[in-house]
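What follows is each chain in one-letter form.
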Amino acid sequence: MSAERLDRLRSLLTAHAVDVLVLRPSSNLRYLLEATLPTFLVVTPDGSPVHAVDTPRDVVALIPVGARVAVDPQMPAQELLALQASLGPETPIASAAPLLAPLRMRKSAQEIEVMERAANAVDRALVAARDLTWSGSTEREMARRLRALLIETGHEEILSVAVAAGENSADPHHRPSGRVINPGDAVRVNIGGRYGGYCSDTARMFVVAEPPEDFEAMYSVVLAAQTAACEAVRPGVAVGEIDAIAREVITDNGYGAFILHRTGHGIGLDEYEPPYLTPEDGTVLDAGVTMSIGPGVYLPELYGARIEDVVVCTDMGARRLNQTPRLLSVVDL
């Protein structure tokens, strides 16, 4: 267990007037223990020993009646309801998300080093993907090959493999299908996994033989939006401002109606974690915050484009952890 992380956590418990924190087997527990264990953890703000127990019933026995309890936000509803029923109405329960998010958001130098290795691994998979046979293959076939590449580059778990060709690339949530990839198709590839316990996530665009009509003009707008968003990253900037900058570039070029998702999200032990690059998120960046930046434009029935990189906020601005070229990749027949 990290003594430094435990001290920071206890300070937050005190600041938020929390008497007891309950963590379950989750990424939050893994963050504190720096290991994956099938245990529950009960933490108090004072110097009392941290209790590791096996079942929710054991947890209840450690919580005094009337204590102010914060629970792991990843606790399943059924488990949470059973805990509340056992503790009774005089022992209030709240989510520990406001405590844990700021604790985990700012990554240590060691964490960033692991995340950079994860980004390098997913980059190697993308580079190898350029040499695959795209034309005549189905989206599902290419997704299987990409999964194999992620494993070959050292990922211990595959979290996302999206392959969307032609008109399917206009759906940001498309799942690989039996659609055959043909010459002239734009293909959106979004892949990521877990490497050394931390997550990779990146998106690039491929075109087979040649880009479809007018695609390059739209792609250049997405590239400009992603570049502007990355350049805006620095300590003291709210993530909502970064989202607004990306949207402004896209809107000013006539594609504002075709933005279908947020500009990005935090990433670390989880593929999706705070902060979220949305208009509503007022989280202010600090050095060490890691996030994906991946704006997109999606033209119905035609094609879509997305460029996504993991970046870390430093005192000097954004540092990209993904290094593959963001210019359009043309693959041969």
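Above this text is the structure in question.
Predicted model, so just to flag it, every value in this text is computed and none were measured.

Procedures and definitions
Residues numbered from 1 in each chain as written. Predicted model: local features only at pLDDT ≥ 70, side-chain atom pairs only at ≥ 80, totals over all residues. Heavy atoms only, no water. Pairing = 2+ DSSP bridges. Helix = DSSP H or I, 4+ residues; strand = E, 2+ residues; numbered from the N terminus. Axes fitted to C-alpha atoms, helices over the stretch in contact; angles between N-to-C directions. Parallel < 35°, antiparallel > 145°, perpendicular 65-115°, else oblique. Left-handed = near helix turned anticlockwise from the far one by under 90°. Contact = heavy atoms within 4.5 Å. Nonpolar A, V, L, I, M, F, W, Y, C, P; charged D, E, K, R; others polar. Buried < 20%, exposed > 50% of the residue type's maximum accessible area, 1.4 Å probe, protein only. Salt bridge = Lys/Arg side-chain N within 4 Å of Asp/Glu carboxyl O.

Chemist: Describe the sheet that holds strand S10 (residues 264–266), with residues and values.
Modeler: Pairing within the open sheet is antiparallel, and its five strands lie in the order S11-S10-S12-S15-S16. Strand pairing shows two members of the sheet lacking a second neighbour, strand S11 (273–277) and strand S16 (317–320), which therefore form its edges. Pairs of neighbouring strands in the sheet enclose a mean axial angle of 30°, with direction left out of account. By the bridge criterion, four bridges tie strand S12 (residues 290–293) to strand S15 (residues 309–314) in an arrangement that is antiparallel. Residue pairing for S15: Thr290 is matched across the bridge by Val312.

Chemist: Which residues make up the packing of helix H8 (residues 215–231) against helix H9 (residues 239–252), and what values go with them?
Modeler: The interhelical angle for the contact between H8 and H9, taken along N-to-C directions, is 155°, at an axis separation of 8 Å. In terms of axis orientation, H8 runs roughly antiparallel to H9. Viewed along their axes, H8 and H9 form a crossing whose handedness is right-handed. Residues Val221, Ala224, Ala225, Ala228 and Ala229 of H8 touch H9, and the partners they reach there are Ile242, Ile245, Ala246, Val249 and Ile250. Its residues assigned to classes, the contact of H8 with H9 comprises ten nonpolar, no polar and no charged.

Chemist: Account for the pairing of strand S13 (residues 296–299), with residues named and values stated.
Modeler: Where a strand is regular, its side chains alternate between the two sheet faces. Side chains Gly296 and Tyr298 of S13 all project onto a buried face; the interleaved residues Val297 and Leu299 project onto the opposite face, where all are buried too. Bridge analysis of S13 against strand S14 (residues 303–306) gives four bridges, and the strand direction is antiparallel. From the neighbouring strand, Gly296 faces S14, where its bridge partner is Arg306.

Chemist: Got a sec to walk through the pattern of salt bridges? Specific residues and values, please.
Modeler: Applying the stated criterion to the full structure yields 18 salt bridges. Salt bridges linked by common partners bring Arg104, Lys107, Asp270 and Glu273 together as one network.

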